[in-house]
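# Understanding the architecture of this molecule
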Amino acid sequence: MEKIFFFANFFPEDFTRGITKKVWAQMYALKELGYEVTYYTGYLEDGVAVFDSDGKVVKKKKYSLKKINHIYRNQILKKTAAEFIKTNGCHIDIVYARYLFFDANYIRMLKRAQEAKCKIIVEAHSYPTYIKGEYIMYPTYLIDYFYKRVAPKYVDLVAAVSSVHNIWGIKTVNIDNGIDFIKTKAKKTNSTMPTVINIICVSYESSVHGYDRMIRGLGNYYRQEGKIEVRLLLVGTVLNETLKLIQKEGIADYVEILGTKGPQELDEIYDRSNIGMGLLAPHRMGTLDSSGLKTKEYIAKGIPFFYAGYGLECSGADKFTIRFDANDDPIDVEKIVLFYLGLEKEGLEQRIRNWGKPYSWTYQLEKVMKVLYEQ
């Protein structure tokens, strides 16, 4: 059984974060495929750590600063991973590393893995990744721009959650964000015609989510006296400018700001939701791919959804989803209402789950490993 070191930037016990559920689902899928995730990295409250397959901390580094941000935190994570691989690489066959921007520390980690004769996969979970207007990230983008020219020396394969081929000049396999169908239960069935349509969105909001498009669209809908009540359920974090826009559009009575929720509370919110909102502004990070984590969770929950751009390759998507153009225009809420009212509600949840089976993480990562060993 080949042993994997999974380099991940996540809080292993915080299941309010989509990335936590994703990484655990990926590691579980790799186990199903016959691999052993011997070690993985993650965050603690006071530092970073390398964990073994039983969840035991085998290496830890505390933060040396009292005030930290995600950039500093990621740097400590990369350094710790590089040090661990240097001394334990002989016990590792494959390094599966989430892309956290290339820099000296990330390249050092890859170099240590190569010296240990590991096969190296980098997961480009969103590519391209430079988001316009996020000025605090510009120094990171600049460093990444220079170091990505070095990456081909150390990486065997890129697993790209996009349709872009040959990323960074490295052999690339295109995958989609997957689903854990086993641990994600379908929402409760409701086959009656709704008097209110609840639209759910679960995210730590950034500009690429396009909340502004939906809010302006909902404002237009009510100004045009839409005939059925539509409510927006926002789970997670919401930007201040979004809160201001809700007030400006006069739709505060139709938007619920619910904050972050644990698994049980989130299930309850899903049970009263009718349709999901996916990524609406992927163009703001220079791509039309919209393969977000949440759209896959909607599939696993058995809920129809809408999104902008592309990214759903599974045939029959038009039966359960609406695709809008990736631009800055307000979303046509009336189109969403008519779409949902036209769906056959009986057995809808299971039909959506059956349709989305090719999006399981086992299916997606099997593609990655197959290409890795074709080299």
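Heads up: these notes are all about the structure in this document. Since the structure is predicted, the reported quantities are computational estimates derived from the model, not experimental observations.

### Focus: helix α2 (residues 70–88)
An ideal rise of 1.5 Å per residue puts 27 Å on 19 residues; α2 measures up with 26 Å between its terminal C-alpha atoms. For α2, the set of buried residues is Y72, R73, N74, I76, L77, K78, T80, A81, A82, F84, I85 and N88. Buried residues along α2 sit against β1 (3–7), β2 (36–43), β3 (47–52), β4 (57–62), β5 (94–98) and α3 (104–115). Its side-chain oxygen placed 3.1 Å from the backbone nitrogen of I71, N69 serves as the N-cap of α2.

### What to know about the sheet that holds β4
Pairing within the open sheet is mixed, and its 8 strands lie in the order β4-β3-β2-β1-β5-β6-β7-β8. If you trace the sheet from one side to the other, it starts and ends with β4 and β8 (172–174), each paired once. With strand direction ignored, the average angle separating the axes of adjacent strands in the sheet is 15 degrees. Across 4 bridges, the pairing between strand β6 (residues 119–124) and strand β7 (residues 157–160) is parallel. Paired with V122 across the two strands is V158, which belongs to β7.

### A short note on the environment of Y254
With respect to the helices and strands, the residue Y254 is situated in the loop between α6 (240–249) and β11 (255–259). Separated by 35 residues in sequence, Y254 and G219 place their C-alpha atoms 9.8 Å apart. Residues contacting Y254, with those up to four places away along its chain left out, are L218, Y222, E229, V230, R231 and L232.

About the criteria used
- Residues numbered from 1 in each chain as written.
- Predicted model: local features only at pLDDT ≥ 70, side-chain atom pairs only at ≥ 80, totals over all residues.
- Heavy atoms only, no water.
- Helix = DSSP H or I, 4+ residues; strand = E, 2+ residues; numbered from the N terminus.
- Expected span 1.5 Å × (residues − 1).
- Buried < 20%, exposed > 50% of the residue type's maximum accessible area, 1.4 Å probe, protein only.
- Contact = heavy atoms within 4.5 Å.
- Polar contact = N/O pair within 3.5 Å; in protein donor to acceptor, adjacent residues only side chain to side chain.
- Pairing = 2+ DSSP bridges.
- Axes fitted to C-alpha atoms, helices over the stretch in contact; angles between N-to-C directions.

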